[in-house]
Amino acid sequence: LAGCLQCLENGSETLRKRISASLQWASYSYDNIPRFPYHNRILLLMIAFEILASPTNSLTRYSFAKWLDDTWEILPDNKYKLEEEPGKGPYGKVGWWGKEFYEFRNKIIHDGDPSVLPVHDRMGREYFKTGIYVFSECVKDILRQAGFLSRRPEYDNIFRAWPLDEQKKMDHNTGTIRK
């Protein structure tokens, strides 16, 4: 909050508008209106990401992945390729998450019936919950890069990576943890 306030007081007009508009769209996605469709939340959050990224052209799944890695300042040693994605990457955990999130957005828009779409990605992470986390970290990083927040400590990377790890889900019928 302190970084946002400093940005509003001392930031360039472009940065102020970018941060404010993206936060507004993120808040729309977080609205607690009864029966608000889950998949609409994903689309609104993606709009917030697009405003925050302020691309010169539209984002693609790969440019979004690269933007996330760049914003989070993922070092080359922390990037990797996936066997199932030959010729793509390397990206860090946040970049690969972003590619999958963008593909989920495309499925919502282009593949018809969203009621058959999952709410968890291939690693068991809930799309919206993880998306809000990644978005908030991007806002903080942009504010840090503009000098409105102090640099984060090196050990913070450990804490930032945990929500992007594979999540295990509790089977509430049996009380067991499953992947």
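Residues numbered from 1 in each chain as written. Predicted model: local features only at pLDDT ≥ 70, side-chain atom pairs only at ≥ 80, totals over all residues. Heavy atoms only, no water.

### Concerning the overall build of the chain
- Scanning the chain from terminus to terminus reveals seven helices and two strands.
- Order of helices (α) and strands (β) in the chain, N terminus to C terminus: α-α-α-α-α-α-α-β-β.
- Looking at the chain residue by residue over its 179 residues, the buried ones come to 39%.
- Long-range pairs, those at least 24 residues apart, make up 60% of the contacts in the chain with a sequence separation of at least 6.
- Taken as a whole, the chain presents about 10700 Å² of accessible surface, with 54% of it coming from carbon and sulfur. (Helix = DSSP H or I, 4+ residues; strand = E, 2+ residues; numbered from the N terminus. Buried < 20%, exposed > 50% of the residue type's maximum accessible area, 1.4 Å probe, protein only. Contact = heavy atoms within 4.5 Å. Areas by Shrake-Rupley, 256 points an atom, 1.4 Å probe, with all protein chains shown as cover.)

### Things to note about the nonpolar core
- Counting residues in hydrophobic clusters, the biggest one holds 35 residues, and the most contacted among them are Ile19, Phe49, Phe64, Trp67, Leu68, Phe101 and Val134.
- The set of elements that each furnish at least two residues to this core consists of helix H1 (2–10), helix H2 (13–29), helix H3 (38–53), helix H4 (61–71), helix H5 (93–110) and helix H6 (127–145).
- In terms of residue count, H6 provides more of this core than any other element does, nine residues in total.
- The contacts of Leu68, once residues within four sequence positions are left out, are Phe49, Val94, Trp97, Gly98, Val134 and Cys138. (Core = buried A, V, L, I, M, F, W, Y, C linked by side-chain atoms within 4.5 Å.)

### Some points on the packing of H4 against H6
- It is at 9 Å that the axes of H4 and H6 come closest, and there the two elements cross at 55°. The angle between the axes of H4 and H6 places the two elements in the oblique class. Within the contact between the two elements, H4 uses Trp67, Leu68, Asp70 and Thr71 and H6 uses Val134, Cys138, Asp141, Ile142 and Gln145.
- Considering only residue class, the contact of H4 with H6 consists of five nonpolar, two polar and two charged. (Axes fitted to C-alpha atoms, helices over the stretch in contact; angles between N-to-C directions. Parallel < 35°, antiparallel > 145°, perpendicular 65-115°, else oblique. Nonpolar A, V, L, I, M, F, W, Y, C, P; charged D, E, K, R; others polar.)

### Structural notes on H4
- Three or more residues of H4 are buried, namely Tyr62, Phe64, Ala65, Trp67, Leu68, Asp69 and Thr71.
- On its buried face, H4 is in contact with H3, H5 and H6.
- Phi for Glu73, located one or two positions after H4, is positive at around 55°.

### Considerations on a nonpolar patch on the surface
- Together, Leu1, Leu5 and Leu8 make up an exposed nonpolar region whose accessible area comes to about 340 Å².
- Tracing the backbone through its elements, the reader meets Leu8 in helix H1.
- Accessibility expressed as a relative area gives 46% for Leu8, which makes it partly exposed. (Patch = residues over 30% accessible without salt bridge, like charges linked within 9 Å, V, L, I, M, F, W, Y side chains within 5 Å. Salt bridge = Lys/Arg side-chain N within 4 Å of Asp/Glu carboxyl O.)

### So, empty space enclosed by the protein
- Following the criterion strictly, the structure yields one cavity of 30 Å³ or more and no others.
- A volume near 30 Å³ is recorded for the largest cavity.
- If you trace the largest cavity, you find it lined by Glu73, Asp141, Arg144, Gln145, Arg151 and Arg152.
- For the lining of the largest cavity, the residue count by class is no nonpolar, one polar and five charged. (1 Å grid on protein atoms, 1.4 Å probe; cavity = no way out; pocket = protein on both sides within 12 Å on 5 of 7 lines; lining within 4 Å. Points joined across faces, edges and corners; volume = space filled by probe spheres on them.)

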